[in-house]
Amino acid sequence: MSKKLNFKIKGSGPTGMLLSLALSKLGSNVNIYLTDLLTKEKLIVKDKTYAITHSTKKILEKFCIWQNLKPYLYGFDTLSISDSVIREFSILNISDLDKDICNANNIGWVIKHHDLMNTFFNEIEKKENIFFNSPQKLLNEKIRIDYQFISTGANSVNSKKYFKFLDIRKTYNQSCLTFKVLLRGNSEKRAYEIFRNEGPLALLPLKSNLYQIIWTSNTQNSIERLNSDRNFLLDNLSTILPCNFKLDQIVGEVNVFPVSLSFNLPLFNLKKFVLVGDSFHTFHPVGGQGLNTCWRDVNTIFDILNENSFYSKKKLRLFKFKYYCRRFIDIFLTIFLTDSLITIFANNNLLLFPLRKIFFQLLNKFNFFRKLVLNQMTKSIIFSSIK
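What counts, and where the lines are drawn
Residues numbered from 1 in each chain as written. Predicted model: local features only at pLDDT ≥ 70, side-chain atom pairs only at ≥ 80, totals over all residues. Heavy atoms only, no water. Helix = DSSP H or I, 4+ residues; strand = E, 2+ residues; numbered from the N terminus. Expected span 1.5 Å × (residues − 1). Buried < 20%, exposed > 50% of the residue type's maximum accessible area, 1.4 Å probe, protein only. Phe/Tyr/Trp six-rings, centres within 6.5 Å; stacked < 30°, edge-to-face > 60°. Lys NZ or Arg CZ within 6 Å of the ring centre and 35° of its normal. Patch = residues over 30% accessible without salt bridge, like charges linked within 9 Å, V, L, I, M, F, W, Y side chains within 5 Å. Areas by Shrake-Rupley, 256 points an atom, 1.4 Å probe, with all protein chains shown as cover. Salt bridge = Lys/Arg side-chain N within 4 Å of Asp/Glu carboxyl O. Lys, Arg positive; Asp, Glu negative; His and termini not counted. Charge placed at Lys NZ, Arg CZ, Asp CG, Glu CD. Polar contact = N/O pair within 3.5 Å; in protein donor to acceptor, adjacent residues only side chain to side chain. Contact = heavy atoms within 4.5 Å. Pairing = 2+ DSSP bridges. Axes fitted to C-alpha atoms, helices over the stretch in contact; angles between N-to-C directions. Parallel < 35°, antiparallel > 145°, perpendicular 65-115°, else oblique. Nonpolar A, V, L, I, M, F, W, Y, C, P; charged D, E, K, R; others polar. Core = buried A, V, L, I, M, F, W, Y, C linked by side-chain atoms within 4.5 Å.

> Would you take a moment to explain unusual backbone geometry for this structure?
Across the chain, the bulk of peptide bonds are trans and the bulk of non-glycine residues have phi less than zero. In this structure, Cys64 takes a positive phi of about 60° despite not being glycine. Along the polypeptide, Cys64 turns up in the loop between α3 (54-62) and α4 (66-69).

Here's what the structure looks like:
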């Protein structure tokens, strides 16, 4: 190939950042222009936390980033799943993992947003073919872009220029309240998923006694809690936690974000752009699959472009067809699983209570079922194809 390919990534969140690093590995014949309306400082400062699965670990190792992130990761080796309505629970541990991942000694990991983004920016500064600019500056430079990757989030696809072929949306009338707390009485290195009729409550460990709370409930209740006194919020939270937990204080900001399910597929035309990450799909936060699925998009993009048959300006026209086809099954399976969990476990329908009891009986009595549930959560169906 005689001329360089110019790729533009619109959106510099965790998905856009990883995509830029992945594309830079295609070699010196590629320039990557990473753009965002926010400055570097504002992109880093967000008070968020992410769960990392084993499939994501494999992707980060593939792009030589895992080792740099390790100092900021906090692993958990047990996962408590409980239903506060039918009063059932099960504890999954590393012995329930498949043999090919049990040596990691963790079911999953948790990382803070600012640690993740700082690491990404440090890696980007080492790359000679990644350029971080504002959209206006890139426009002024009049660089001809060969392909665009849209990773600006769920709201980006509302633009009419991304003509939709398929647009699936479901609103749960729920919002997610998220903040950090210091607590006592917990088991160290254990994550918690508590199913409630109002919505699931997740606790992700950040240190021995510091947890990220991800509290899903109807939007009105979430906003009222957001605007309430912090002592009232702690008292309210303590009523739905296991009785042995003792809350000390809230650490940092309290934030809220809407919960929705979406799958956005543009028309299959020859326009040179694809949707990536939350621009392409969003899920309910139950199970912590959001960012992990976004990064599986990145893995697929790299694999396709790394194939000789697609690594040219002429063949780029066919890129989106292969990309969307490869991602379809994984995304729809994630949609189905997360939506099914909410339909069954965040529901007052008495007819579903026996099904909920059967689920926990299977978890507690049959090892193969425990392995099936845990490994689907942490490996995904594409795990074996990540190389």
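> How do you make sense of helix α5 (residues 113-125) when you look at a structure like this?
The periodicity of an α-helix, 3.6 residues per turn, causes residues three or four places apart in sequence to face the same way. Here α5 contains 13 residues, and its C-alpha end-to-end distance of 18 Å stays within 8% of the 18 Å for a straight helix at 1.5 Å per residue. By the burial criterion, the buried members of α5 are His113, Asp115, Leu116, Met117, Thr119, Phe120, Phe121, Glu123 and Ile124.

> What am I meant to see in the packing of aromatic side chains here?
To describe a pair of aromatic rings, one takes the distance between the centres and the angle between the planes. Inspection of every chain in the model, using the stated rule, returns 25 aromatic pairs. Here the aromatic rings of Phe149 and Phe319 are separated by 6.1 Å at their centres, their planes lie at 80°, and the arrangement is edge-to-face. Here Phe149, found in strand β9 (residues 147-150), pairs with Phe319, found in helix α10 (residues 319-345); they are 170 residues apart in sequence, far enough to count as distant. Classification of Phe319 as buried rests on a relative accessible area of 0%. Ring pairs connect the aromatic residues Phe7, Tyr147, Phe149, Phe263, Phe280, Phe319, Tyr323, Tyr324, Phe328 and Phe332, which therefore count as one cluster. Over the ring of Phe383 we find Lys58; its NZ or CZ atom is 4.2 Å from the centre of that ring. Here the basic side chain of Lys320 rests over the ring of Phe273, its NZ or CZ set 4.5 Å away from the ring centre.

> Explain a positive patch on the surface to me, please; I cannot follow it from the model alone.
A cluster of basic side chains, namely Lys3, Arg144, Lys272, Lys314, Lys315 and Arg317, defines a positive patch on the protein surface. When you line up the elements, Lys272 lands in the loop between β14 (246-266) and β15 (273-275). You can call Lys272 partly exposed: its relative accessible area is 36%.

> Help me out: how do you make sense of the side chain of Gln174 in this one?
Structurally, Gln174 is set in strand β10 (residues 164-184). A residue is classified by how much of its surface remains accessible, and Gln174, at 9% relative accessible area, is buried. Side-chain polar atoms of Gln174 contact the backbone oxygen of Glu198, separated by 3.2 Å. Beyond its immediate sequence surroundings of up to four residues, Gln174 is in contact with Glu198, Gly199, Thr216, Ser217, Asn218, Thr219, Pro258, Val259 and His284.

> In this structure, what is going on with the sheet that holds strand β8 (residues 130-133)? I would like to understand it.
Hydrogen bonds between backbone atoms are what pair the strands of a sheet, whose relative direction is either parallel or antiparallel. Read across the open sheet, the 5 strands follow the order β8-β2-β1-β9-β15; overall the sheet is parallel. Among the strands making up the open sheet, the edge pair consists of β8 and β15. The sheet shows a mean angle of 20° between the axes of neighbouring strands, direction not considered. Here β9 pairs with β15 via 3 bridges, running parallel. By the bridge assignment, Phe149 is partnered in β15 with Val274. Along the sheet, α10 contacts β9 and β15; its crossing angle with β15, the most-contacted strand, is approximately 15°.

> Is there a simple way to explain the side chain of His54 in this structure?
Examined against the element boundaries, His54 turns out to sit in helix α3. From its side chain, His54 meets the backbone oxygen of Ile107 in a polar contact 3.5 Å long.

> What's the story with the sheet that holds strand β4 (residues 74-76) in this structure? I'm lost.
Strand order across the open sheet formed by 3 strands is β3-β7-β4, with antiparallel pairing between neighbours. Either end of the sheet is taken by a strand with one partner, and the two such strands are β3 (49-52) and β4. Each adjacent strand pair in this sheet contributes to an overall mean axis angle of 25°, direction not counted.

> Explanation requested: the environment of Leu177 in the structure shown.
Examined against the element boundaries, Leu177 turns out to sit in strand β10. Residue Leu177 is classed as buried on the basis of its relative accessible area, which comes to 1%. With near-sequence residues (within four places) excluded, Leu177 lies in contact with Ile213, Ile214, Trp215, Ser222, Arg225, Leu226, Leu233, Val254, Asn255 and Val256.

> Just checking my understanding: could you explain the pattern of salt bridges for this structure?
Any two side chains of opposite charge can pair, given that their charged atoms come close. Counted under the stated rule, the structure contains 19 salt bridges. Among the ionic pairs, Asp47 bridges to Lys180, the shortest N-O distance being 2.4 Å. Remark: Lys180 occurs in strand β10 and Asp47 occurs in the loop between α2 (40-44) and β3; sequence separation between them is 133 residues. A relative accessible area of 8% places Lys180 in the buried class. The partner of Arg356 in a salt bridge is Asp83, with the nearest N and O atoms 2.8 Å apart. Of the two residues, Arg356 sits in helix α11 (residues 353-365) while Asp83 sits in strand β5 (residues 78-83), which places them 273 residues apart along the sequence. Since its relative accessible area comes to 0%, Arg356 is described here as buried. Here the residues in one salt-bridge network are Arg296, Asp297, Arg327 and Asp330, joined through shared partners.

> Which parts of the structure should I look at to understand the packing of α11 against helix α12 (residues 367-379)?
Pairs of packed helices are described in terms of their axes, by the angle between the two and the distance that separates them. Orientation of α11 relative to α12, taken along the N-to-C sense of each, is 110°, at an axis distance of 5 Å. Regarding the angle of α11 to α12, the classification is roughly perpendicular. Side by side, α11 and α12 meet where Phe359, Leu362, Leu363, Asn364 and Lys365 of the first sit next to Asn367, Phe369, Arg370 and Val373 of the second. Of the residues in the contact of α11 with α12, the class split is 5 nonpolar, 2 polar and 2 charged.

> Explain the nonpolar core here, please?
Most often, soluble globular proteins have nonpolar side chains that are buried together. Core analysis: the largest hydrophobic core is formed by 92 residues, its most contacted members being Phe7, Leu23, Phe149 and Phe319. If we ignore the near neighbours within four places in the chain, the residues touching Phe7 are Leu23, Leu26, Val30, Asn31, Ile32, Tyr33, Tyr147, Phe149, Leu305 and Leu316. One finds Leu177, Phe179, Ile194 and Leu234 within the second-largest nonpolar core, a separate group that totals 19 residues.

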